[in-house]
Amino acid sequence: QVQLVESGGGLVQAGGSLRLSCAASGRTFSSRAMGWFRQAPGKERECVAGISWSGGYTYYADSVKGRFTISRDNAKNTVYLQMNSLKPEDTAVYYCAARKGSFSTTSDCTRLREYDVWGQGTQVTVSS
């Protein structure tokens, strides 16, 4: 079974950058599509970016397209989210999650029920 631990969150000024990491344990990480999600207070959890098992396919929510980049290093069992040009509205708890199944080319992470392993989350706060 995969276990996920996020890190890299923090407080940053608007326009700044952060890089989130999601370290995975378990043999099946490299075969799973992964996603980054976020949840702001009073709002539903939403998909931010997704990546297929090989890294060949990526997906971004319109709100982050051009500013965020998802990547993965299967040799290190880690998925990353590089966040640039941060805005106050990016403030949320960010979670990584592993999609059910193996060797999927799916990177679209909008169907949250398809993700069965979640990390504990890391807080990102962007000040104006």
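Along each chain, residue indices are assigned from 1 in the same order as the chain's sequence is written. In keeping with the model being predicted, local features are shown solely for residues with a pLDDT of at least 70 and side-chain atom pairs are shown and tallied solely at 80 or more, while totals for entire chains, interfaces and linings include all residues. Hydrogens and water are ignored here; the side-chain numbers use all heavy atoms of the structure.

Student: I keep staring at the overall build of the protein and nothing clicks. Help me out?
Tutor: Broken down by element type, the protein carries zero helices and 11 strands. Reading the protein from its N terminus to its C terminus gives the helix and strand order β-β-β-β-β-β-β-β-β-β-β. As defined in this context, the radius of gyration uses C-alpha atoms, and a globule is described by 2.2 Å times the residue total to the power 0.38. Against the globule reference of 14 Å for 128 residues, the protein gives a C-alpha radius of gyration of 13 Å, in line with a compact fold. Taken along its principal axes, the extent of the C-alpha atoms in the protein is 40 × 25 × 25 Å. Here a residue-residue contact requires only that any non-hydrogen atoms of the pair lie within 4.5 Å. Contacts in the protein between residues far apart in sequence, at least 24 positions, make up 61% of those at least 6 positions apart. Secondary structure elements follow DSSP: runs of H or I no shorter than four residues count as helices, runs of E no shorter than two count as strands, and numbering proceeds from the N terminus.

Student: How do you make sense of unusual backbone geometry when you look at a structure like this?
Tutor: Leaving glycine aside, a negative phi is the common case for residues, and trans is the common case for peptide bonds. The backbone of serine 85 sits at a positive phi, close to 50 degrees, despite the residue not being glycine. With phi around 55 degrees, phenylalanine 103 is a residue other than glycine that occupies positive phi space. Judged by its relative accessible area of 54%, phenylalanine 103 is exposed. Per-residue accessibility, obtained with a 1.4 Å probe over protein chains only, is compared with the maximum for each type, and a residue is labelled buried under 20%, exposed over 50%, and partly exposed between these values.

Student: Teacher, can you tell me more about the state of the cysteines here?
Tutor: Chemically, a disulfide is nothing more than a covalent bond linking the sulfur atoms of two cysteines. Cysteine sulfur atoms that pair up within 2.5 Å are treated as a disulfide. With the rule as written, the count across this model stands at two disulfides. A sulfur-sulfur distance of 2.0 Å marks the disulfide that ties cysteine 22 to cysteine 96. With the S-S dihedral at roughly 55 degrees, the linkage between cysteine 22 and cysteine 96 falls on the right-handed side. Of this pair, cysteine 22 sits in strand β3 (residues 18–25) while cysteine 96 is found in strand β9 (residues 92–99), placing the two residues 74 residues apart along the sequence. Exposure remark for cysteine 96: the relative accessible area of 0% places this residue in the buried category. Between the sulfur atoms of cysteine 47 and its disulfide partner cysteine 109 the distance amounts to 1.9 Å. Handedness here is read from the sign of the S-S torsion; for cysteine 47 and cysteine 109, about 55 degrees, the answer is right-handed. Separated by 62 residues along the polypeptide, cysteine 47 in strand β5 (residues 46–51) and cysteine 109 in the loop between β9 and β10 (115–118) bring together distant segments of the chain. There is no split in this pair, since cysteine 47 and cysteine 109 are both buried. For the protein, numbering the cysteines in disulfides from first to last along the sequence yields the connectivity 1-3, 2-4.

Student: Would you mind going over the side chain of arginine 38 with me for this structure?
Tutor: Structurally, arginine 38 can be placed in strand β4 (residues 34–39). Note on arginine 38: relative accessible area 6%, which makes it buried. Pairing of N or O atoms within 3.5 Å defines a polar contact, subject to two protein rules: one partner must be a possible hydrogen donor and the other a possible acceptor, and residues neighboring in sequence count only if both atoms are side-chain atoms. Looking at arginine 38, its side chain comes within polar contact range of the side chain of glutamate 46, at 2.7 Å. One polar contact links arginine 38 to aspartate 90, side chain to side chain, over a distance of 2.9 Å.

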